[in-house]
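Residues per chain are reported as follows:
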Amino acid sequence: MAAAGAEAAAVAAEEEKRLPEGDPESGGDSEDEGDSESSGDGEDEEKENEAEIQRLEEQLSINAFDYNCHLDLIKLLRQEGELVKLRRARQKMSELFPLTEEIWLDWLKDEIKMASESSEREKVYELFERAVKDYICPEIWLEYAQYSIGGIGQEGGIEKVRSIFERALTAVGLHVTKGTALWEAYREFENAILETAQPAPGSVPSPEQQQMLCSQLEKIHTLFRRQLGIPLLDMEASYAEYEEWSEDPIPETVIKNYKKALQQLEKCKPYEEALLGAETPKLAEYQAYIDFEMKAGDPARIQLIYERALAENCLVPDLWARYNQYLDRQLKVKELVLSAHERAVRNCPWTVGLWIRYLLAMERHRVDHGIISEMFEKALNAGFIQATDYVEIWQAYLDYLRRRVDFTQDSSKELEELRSAFARAVEYLKQEVEERFSESGDPSCTIMQNWARVEARLCNNMQKARELWDNIMTKGNAKYANMWLEYYNLERAHGDTQHCRKALHRAVQCTSDYPEHVCEVLLTLERIEGTLEDWDAAVQKTENRLARVNEQRAKAAEKEAALAKQEEEKAEQRKQARAEKKASKKAKKTRIGDKRKADDDDEGEWGQEEEEQPSKRHKGDGDGILPEEDMEVETGLFGRSGPEKPDRPANQKEKASTSRKDIPKVLHDSSKDNVTVFVSNLSYNMADPEVKLKELFESCGEVAEIRPVFSNKGIFRGYCYVEFKEEKSALQALGLDRKVVEGRPMFVSPCVDKNKNPDFKVFRYSTTLEKHKLFISGLPFSCTKEELEDVCKAHGNVKDIRLVTNRAGKPKGLAYVEYENEAQASQAVLKMDGLTVKEHVIKVAISNPPLRKLPDKPEAGRASQFAVPRQVYGARGKGRTQLSMMPRALQRQSNPVAKAENGMVQNSPATSSEPPEEPKKMSNADFAKMLLKKWFLYGFVQM
C-alpha cells in the first residue's frame, strides 16, 4: 500500500513537470489567444535565468566557498526544474557546508517524489542519514521516521522503523518543546502494529497471537513510561492519555518519575520562555540555558542544549569552541567528538582555532595519519582572513608531525616528512600568504626558529640550525637584540664557545635597539670563559660600539634641539610681528563710539584681554560665508574684532553684542557632571541656541538648563552644556551624538573634566580588529547610505552602515559596513574589492584600524611654554598662528608644575635664566580672567 502511494506521488510529480509544457487537459485551448503575448516574456525570462545560472556556476568555479552563491544557484535550478543540475548543485554545497533544515527538507521532498523503486528508496535513506548528521533537527528526524514507515512491507521493515525511532529519541527525545511529537509518532506506529495483531471479531486467539499481543502492549506501556519520565511540554496531556489507555493502574514508580519530571520542567520553563520571546540570535538566552544544564550535570541534556543553540547560531565560532571543549574534556566519545569538530570547521571554515582543535582531536583519538594530513590540506584552502592564521595552522600541523618522530633513530620516514613540512611551510608563507596579504604573517620567523630548535636539540644537527638562524637574521631581524640572544642561548646549550663568541660579536655590531644589553652579555661570556686577549677584544669592541651609539644619539638630540630652537625663534618672530601690527592699528584708530565704550567696560570687567592678546575677527560675521571645513577651527578666547561691514548696521551689531554681554557669566558646576552632557561642533551662526537645543533635547527628558558659551563680543562659540533633571536623561542624550543640526554633525559627549581624567576617551567606535565589519575607501562623495546599502546587501545581511564625515558633515569617501557574521563579511571582501561605484574604484578590507600614535611629550624645558597651546590646537595642526598669542607671564602662572616622565610631579624648570619670582597677588580682574580662560579650555578639550 505504501509502495503504491509512493508510486502515485511520483506519477503526480511527473505530471506536474509536464503541465507547464502544455497539457491538452490543462486549459491550453483557452490560452491560445494569449500565447503570442506571453511567449515572448517567458522566453526572455528563461534566457535571463540561464544566463544567471551560468554566471553563478562560473563564480563558484572561482570561489567554491561562496555560500550565498550556492543558495542562489539552487533556487534558480529548482525554479527551472533542472533536476539533474539541481541534484549536483546540492551535492557540491553539502560537501562544503552543512545544510540548513529548510534546504534539507526541500531536497528530501524532491527526492521522495522521484523515488519509486527500492533502489531509489535506499538513496533517500542515505540522504536522510547525511541530513541528520549536520544539525539536530526534530523535523528531519520525524520526516525520516515517517518515510521509513512506507517501507514496512519489506523484509525487516518493522525493525528498521523502530531502529530509526529509537535513534530519533536518543537525538532529540529530550527536546522540551519538540520532543513530544516524536514520542507520539512512535506510539501511534506501535498502536498501528497492535491493531493489525488483533484477532478477528468472534475468534479465539492462539497462544502465539496472545503472546504477540502481550508483547506489543508492553512496548506501548514502556513508551508511555519512558516519555513520562522526561520533562516535556504538555506532560499532563500525555499522563491523562496514559490513564485512559491503560487498563491497569499506573505504577507508583511511574508516578514518582512523572512528578520528578514535572519539577524539572518547571525549572526549565523560564529558559524556554526566554528563548520563545527572544529575537535571533538568542545567544545570551542560550548561554544562560547552557549554564543551567551544566550545573545540573546531565551530559545528554547538556549536549542537546548545545546542539539547539548551534542550530540557530551555526556561524558563531566561540559557541562551537565551547561545545567541542566540553566534548573533549567530559564525554571523550570518539564518534561524537570528531563529528562535532567536523561540523564546526564546515560551519566556520575561516576560524583557525577550530581547525587546530580538530587536528588535536584527531590525533588524540589516533586517527590515521593520511586522514589528518588530508584535513590539514583542507584547512589551508579554508580562506583565513589573517596572515597570522596560516602561521598558527602550520605550527599546529608541524607540532603533530614532530610528535610522530622517534628521535632515537638517526633517520626515519617521519623525520624526513617533518623536515619537508618545515621547508614547505617556510615557502608557503613566503609565496602564497605574502602574495595575498602583502606580509608573511611571521616577521619573527617563529617557524624557522622552531625548526632550528628541533635540529639542534632533538637531531643534534647544529650545522643545520646555524644555517637556519643565518637565514632568519637576513630577513631583517639582525637589528633586534632578543633575536641574537635567542640564537646565543641555543648555541650556549647545544653548540660551542667559539660560535657563541662569534654570534655575540655580530650582535654587538648589528643590534640597534638595545646594544648595551648585548655588550653586557658578551663581556659576561668573556669574564667566565675567555682569555685575556678575548677580554681585551670584547672590551674594545663594546667600547667602540657604545661610543658610536652615544655619538649617534647625541647628534639626534642636537638635531631635535636645533629644530626646537628654530620653532621658538619662529614663534618669537610671529609674536613680534603681531605686536607691531597691533601697535600700528591702534595708532590709526581715531573713532571712539558707544560700542568702543561698551567694549572697554567689558574688558575692564574681564581682565582687559584685548590689551594683552590681539583678537581675530570671527569668520561668521558679515556677509562672507564661512567655509565648512574651516568651521572646526576655534578662533580662540582672545579673538580680534574685524572692521564693521557697511551692509550690517552698527546699531544692530551693538544690540546683539550688548544683549549677550548682559548675560551673567556662569561657570560649570562639576558636581553636576552626571546629569550634564557637553555639546560641541555646532554652527557659530545658530540663532537662539537655547531654544533650538531645548527642542532637540527635550525628547530625552526634562531639561534643567542649557548654557551656551559666548565670546566677550557676544558671539556663540559653537558649544554648550545641557543639564538635565535626571541622570538617565543625560545617558539617553548621548544617543543624539553625530545627529545633523543645521548641516553639521553635533557631537554629544559625557561631561568629564579631562584635566582630572586625562585617559578618558569619547570615541564611540571600536579601534580594534572586527572581522564582521568592512572598511571601504575610495567612495564618491555623492554616494549615499542607501546607495551603498544596495551594493552591500547583495552579499549578506547588513546590520549597519556608517559614512565617515568631517566635522562639517561633508563625506570623506570612507565607510564602515557591519555584517551579521564573519562569513558574510569575508565573502563581501572577495566580491566588492576593486568594484566600480559611480566611476570610482573602491577598496574593501576587514576593519582593522591602525594604532593611533600618541602625541610626543614636550621636553622638560619647554613644558610650561607649549603644554596649553598644543593641547588646545595642536591635535589638528590648525590655528598655529594663534598659539603663541598668550603672554609668557600668564603661561608660567597657569602652568606652575610639570609632570616628569616617571610620573612624579616636580617643579618645571624656568624658561629664562632669571631666578624664580614669588607669584604676584592677583587682582579681581586677573582672577576673573584666569577663570574664564580655564572655562574656555575645559569646554574646548571636551570637543
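Residues numbered from 1 in each chain as written. Predicted model: local features only at pLDDT ≥ 70, side-chain atom pairs only at ≥ 80, totals over all residues. Heavy atoms only, no water.

1. Concerning the packing of helix H24 (residues 497–510) against helix H25 (residues 515–529)
- Interhelical geometry of H24 versus H25 gives an angle of 150° and a closest axis separation of 9 Å. When the interaxial angle is binned, H24 and H25 end up roughly antiparallel. Pair H24 / H25 crosses with left-handed handedness. Of the residues in H25, those in contact with Thr 497, Cys 500, Arg 501, Leu 504, His 505, Ala 507 and Val 508 of H24 are Val 518, Cys 519, Val 521, Leu 522, Leu 525, Glu 526 and Glu 529. (Axes fitted to C-alpha atoms, helices over the stretch in contact; angles between N-to-C directions. Helix = DSSP H or I, 4+ residues; strand = E, 2+ residues; numbered from the N terminus. Parallel < 35°, antiparallel > 145°, perpendicular 65-115°, else oblique. Left-handed = near helix turned anticlockwise from the far one by under 90°. Contact = heavy atoms within 4.5 Å.)

2. Quick word on the nonpolar core
- Ranked by internal contacts, the top residues of the largest apolar core, which has 159 residues, are Ile 140, Trp 355, Ile 393, Trp 394, Leu 398, Ile 447 and Trp 469.
- The greatest single-element share of this core, amounting to 10 residues, is contributed by helix H19 (residues 387–404).
- Contacts of Trp 394, omitting those with residues within four sequence positions, involve Phe 376, Leu 380, Ala 421, Arg 424, Ala 425, Tyr 428, Leu 429 and Ile 447. (Core = buried A, V, L, I, M, F, W, Y, C linked by side-chain atoms within 4.5 Å. Buried < 20%, exposed > 50% of the residue type's maximum accessible area, 1.4 Å probe, protein only.)

3. Here's the deal with the sheet that holds strand S6 (residues 770–777)
- With antiparallel pairing, the 4 strands of this open sheet are ordered in space as S7-S8-S6-S11. The open sheet has two free edges, formed respectively by strand S7 (798–805) and strand S11 (843–847), since each of these has just one partner strand. Neighbour-to-neighbour, the strand axes of the sheet open up by a mean angle of 25°, direction not taken into account.
- This element, helix H32 (residues 785–792), spans S6, S7 and strand S8 (811–819) of the sheet and lies at about 135° to S7.
- On the sheet, helix H33 (residues 822–832) packs against S6, S8 and S11 and is oriented at approximately 25° with respect to S6. (Pairing = 2+ DSSP bridges.)

4. Topic: the sheet that holds strand S4 (residues 739–741)
- As summarised here, the arrangement of the 5 strands in space is S2-S3-S1-S5-S4, forming an open sheet in which the pairing is antiparallel. If you trace the sheet from one side to the other, it starts and ends with strand S2 (703–710) and S4, each paired once. Each strand axis lies, on average, 30° off the axis of its neighbour in the sheet, ignoring direction.
- The sheet contact formed by strand S1 (residues 676–680) and strand S5 (residues 744–750) spans 4 bridges and is antiparallel. Looking at S5, one finds that Ser 680 is bridged to Phe 747.

5. Details of the side chain of Arg 346
- Take Arg 346: it is sitting in helix H16 (residues 334–347).
- Exposure remark for Arg 346: the relative accessible area of 16% places this residue in the buried category.
- Within the structure, the side chain of Arg 346 is placed 3.4 Å from the side chain of Asp 134, a separation counted as a polar contact.
- Excluding residues that lie within four positions of it along the chain, Arg 346 makes contacts with Ser 94, Glu 95, Leu 96, Phe 97, Pro 98 and Asp 134. (Polar contact = N/O pair within 3.5 Å; in protein donor to acceptor, adjacent residues only side chain to side chain.)

6. A word on H24
- In a regular helix each residue adds 1.5 Å, so 14 residues correspond to 20 Å; H24 covers 20 Å between its end C-alpha atoms and thus fits that length.
- Listed as buried for H24 are Cys 500, Arg 501, Ala 503, Leu 504, His 505, Ala 507 and Val 508.
- Along its buried surface, H24 packs onto helix H23 (481–494), H25 and helix H26 (532–588).
- Between a side-chain oxygen at the N-terminus of H24 and the backbone nitrogen of Gln 498 the separation is 3.3 Å; the capping residue is Asp 496. (Expected span 1.5 Å × (residues − 1).)

7. Let's talk about the packing of aromatic side chains
- Under the counting rule described, the total for this entry stands at 32 aromatic pairs.
- The interplanar angle of 15° and the centroid separation of 5.3 Å between the aromatic rings of Tyr 271 and Tyr 289 together place this pair among those described as stacked. Separated by 18 residues along the polypeptide, Tyr 271 in helix H12 (residues 252–277) and Tyr 289 in helix H13 (residues 283–296) bring together distant segments of the chain.
- Its relative accessible area of 25% is what places Tyr 271 among the partly exposed residues.
- A centroid spacing of 5.5 Å and a plane angle of 5° characterise the contact between Phe 422 and Trp 451, whose relative ring orientation is stacked. Within this pair, whereas Phe 422 is found in helix H20 (residues 413–437), its partner Trp 451 is found in helix H21 (residues 446–458), the two being separated by 29 residues in sequence.
- Taken together, the ring pairs in this structure connect Phe 376, Phe 384, Tyr 390, Trp 394, Tyr 397, Tyr 400, Tyr 428 and Phe 437 into an aromatic cluster.
- Here the basic side chain of Arg 121 rests over the ring of Tyr 147, its NZ or CZ set 4.3 Å away from the ring centre.
- If you follow Arg 738 out to its NZ or CZ, it ends over the ring of Phe 747, 4.5 Å from the centre. (Phe/Tyr/Trp six-rings, centres within 6.5 Å; stacked < 30°, edge-to-face > 60°. Lys NZ or Arg CZ within 6 Å of the ring centre and 35° of its normal.)

8. Some thoughts on the pairing of S8
- Across 5 bridges, the pairing between S6 and S8 is antiparallel. Among the inter-strand pairings, Ile 776 is bridged to a residue of S8, identified as Ala 815.
- Looking at chain direction, S7 and S8 are connected through 7 bridges and run antiparallel. Its bridge partner lying in S8, Asp 800 is registered against Glu 818.

Taken by themselves, the reported measurements are silent on function.
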